[in-house]
Amino acid sequence: MVHSMEAAQSIIPQPAEHGEIGHKDMANAIRFLAADAVEKAKSGHPGMPMGMADVATVLFRRVLKFDPIRPDWPDRDRFILSAGHGSMLLYALLYLTGYSAMTLEEIRNFRQLGSKTAGHPEYDPASGIETTTGPLGQGLGNAVGLALAERMMNARFGDSVVDHRTYVIAGDGCLMEGISHEAASLAGHLKLGRLIVLFDDNGISIDGPTSLSVSDDQAARFAAYGWHVQGVDGHDPDGVAAAIQAAQADPRPSLIACRTVIGFGAPTKAGSEKTHGAPLGAEEIAGAREKLGWTHPAFELPEDILAAWRSHGAKGAALSAEWDARVASLSDADRGELDRRLTGALPDGWDRALTDLKGSVCAEKPELATRVSSQKVLDALRPVIPDLAGGSADLTGSNNTKASGQGVIAAGDYSGGYIHYGVREHAMAAAMNGMALHGGLIPYGGTFLVFTDYCRPSIRLAAVMGLRVVYVMTHDSIGLGEDGPTHQPVEHLAALRAMPNILVARPADTIETAECWQIALENDRGPTVLALTRQKLPTVRLEPSAENLSERGAYILSPAEREREATLIASGSEVAIALEAQTRLQADGIATAVISRPCWELFAHQSDHYRDEVLGPGSLRVAIEAASPMGWERWTGPNGGFVGMTSFGASAPHQDLYAHFGITPEAVVETVKSKL
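Residues numbered from 1 in each chain as written. Predicted model: local features only at pLDDT ≥ 70, side-chain atom pairs only at ≥ 80, totals over all residues. Heavy atoms only, no water.

Q: Help me out: how do you make sense of the overall build of the protein chain in this one?
A: Scanning the protein chain for helices and strands turns up 27 helices and 19 strands. By its C-alpha atoms, the protein chain is 90 × 55 × 45 Å across when sized along the principal axes. A total of 676 residues make up the protein chain; the buried ones form 63% of that total. For the protein chain, contacts bridging at least 24 residues in sequence account for 79% of all contacts bridging at least 6. A total accessible area of about 24,500 Å² is found for the protein chain, and carbon and sulfur atoms account for 50% of it. (Helix = DSSP H or I, 4+ residues; strand = E, 2+ residues; numbered from the N terminus. Buried < 20%, exposed > 50% of the residue type's maximum accessible area, 1.4 Å probe, protein only. Contact = heavy atoms within 4.5 Å. Areas by Shrake-Rupley, 256 points an atom, 1.4 Å probe, with all protein chains shown as cover.)

Q: Sorry if this is basic, but what is going on with empty space enclosed by the protein here?
A: Taking a probe equal in size to a water molecule and rolling it over the atoms shows the remaining empty space. Within the structure shown, the criterion is met by 4 cavities of 30 Å³ or more. The volume enclosed by the largest cavity comes to roughly 100 Å³. In terms of lining residues, the largest cavity is bounded by 13 residues, among which Asp-77, Phe-79, Tyr-99, Gly-128 and Glu-130 are the most central. Those elements that place two or more of their residues in the lining of the largest cavity are strand E2 (78-81) and helix H4 (87-97). Each residue belonging to the lining of the largest cavity can be placed in one class, and the counts come to 8 nonpolar, 1 polar and 4 charged. In this structure, the second largest cavity spans a volume of roughly 60 Å³. Pro-74, Asp-75, Met-153, Val-161, Val-162, His-164, Trp-323, Leu-338, Leu-342 and His-438 are the residues that line the second largest cavity. In terms of residue class, the lining of the second largest cavity is built from 7 nonpolar, 2 polar and 1 charged. (1 Å grid on protein atoms, 1.4 Å probe; cavity = no way out; pocket = protein on both sides within 12 Å on 5 of 7 lines; lining within 4 Å. Points joined across faces, edges and corners; volume = space filled by probe spheres on them. Nonpolar A, V, L, I, M, F, W, Y, C, P; charged D, E, K, R; others polar.)

Q: Can you help me understand the sheet that holds strand E10 (residues 418-420) in this one?
A: Whenever strands of a sheet pair, they do so through backbone hydrogen bonds, lying parallel or antiparallel. An order of E10-E9-E11-E12-E14-E13 is seen for the 6 strands of this open sheet, with the pairing classed as parallel. Looking along the sheet, the strands with just one partner apiece sit at the ends: E10 and strand E13 (503-505). Neighbour-to-neighbour, the strand axes of the sheet open up by a mean angle of 20°, direction not taken into account. Two strands pair when backbone bridges link them, and E13 and strand E14 (residues 528-531) are joined in this way by 3 bridges, in the parallel orientation. Its bridge partner being in E14, Leu-503 is matched across the sheet by Thr-528. Strands in contact with helix H19 (residues 452-465) are strand E11 (442-448) and strand E12 (470-474); relative to E12, the strand with the most contacts, it is inclined by about 160°. (Pairing = 2+ DSSP bridges. Axes fitted to C-alpha atoms, helices over the stretch in contact; angles between N-to-C directions.)

In structure tokens form, the structure reads like this:
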């Protein structure tokens, strides 16, 4: 481990003080806002904010580039509190530096219904909260994506308008979580030198000393990833500043292990787990006030201390104004493109590429796996949406996620649009969230649908935050064949559909795949999962249509010959099975309609009239999907039927598996006849 005082070329100058206000008073303002808010709420984590107050004070006073009056300034430094349980550290800093949305009343209402000061930080860019954290390690994963997005945008628009860093406060728990390995490994490989992690090295977790459960040498671990590593006394402001300066000067991502005392200042509980996740108690807080010389009542800050903090926050206005001037000097084309990307708008006329693709598919009627259909869509979209940022967890050839001509991101060359994430599904999903949070890019990434289990924490947080992230999840059923039950998803569609604020789209052919991509790209309210097949499927949409039929979630693909008696509802690869069953049923005199239902969530939001029109009230409804039946009863009704999976799969060619598990036209016909 390299100690910061030796590594730094010079000490970052101590800023001129506001009157007689020094570092100690400003750090103590953080400590007691945190301790008092937790005490008032009778809930929370005071120890980390008290322990890291010195580090945070240095960061926000002497390093961080931000403008509280303009929280969404695109070239601000990003600050990520990966140790989200210490949320009062963040809220205190935002209030002290002058973010108007973070008021003292919000601090008083910590952890109360409707407040901005939730128990763990919840994404609110207007308040200065860059991401939702709390599940440990996720913030670190987001930060890798933020740092990568900064480099990718810099490669496109240059140093004059994209030139910022990402700072993280992470704790022992963040580094224990497995996602930290994947994220740190990826950052080291890509040499994301604008990522600086301040590790709260306090040696305490909820159970007690971290020695109970971990003996890792974190410095050696991160050095092995290719990081720049330092150690510093976290209560030495100049030492912390020097370490940050050394980190800024190094081309590698940096870890600064800040040795701190959790609950710093608490007379009997400091340095113990007793300060980690519970209020200190009135007597302990009173003792801390006496020990640290803080004589002010709860939630009362001396004007000079608040003014000192606010003066540092106000410095960002000049920096953001200078940035505006630099943006104004860009060419009209570059300025317009930068603005479009930062607002998240899609290019004018981008959807013509999909209309043209759908037309050619209708003419050719190819038989393609929908993963291949997805690649054809990406090939069409890449030239017209340059902000697409794709990747795969070491399954590029299987996921078909790399578009023709898409350049590959590499250390030192961030001009491409494709990321080889390696076998790091956890980090890929978390980094994509970070890229979406940064702005200017539309992240998508691929793996097998069964491995959404690895991605699920990040998918859930994308849904919580309402981020536009696209998950290209292939090999979506027993149709993947010989790899067997370990790789064949059965319960995954149901599990994903159970999650609020996410779209799960399972297209039946190339045309529906194009339509589902359009849905995903236009969905700026949350993430989208595209569930795609390994096996080839016939084209089932035979007539060209400029309208996106899939955007209503379900539609009548093939109507009954007369008033319907049976309605077959299917998604993805099972739509073709439904069409074959329809032919047989109608030959037997049973009027049957086929409904393609690529997206449950969109269909659920349609009007009652439209849903009745599609489902056919009074007809027998049978659902067909090579997955768990869970949830289908809502749409088939108590007397309906289901043809699908009720167990795990097996290893065999996909045709044999469909026959073995009874997902066939014959089984559908038999189910309909047995229930009519």
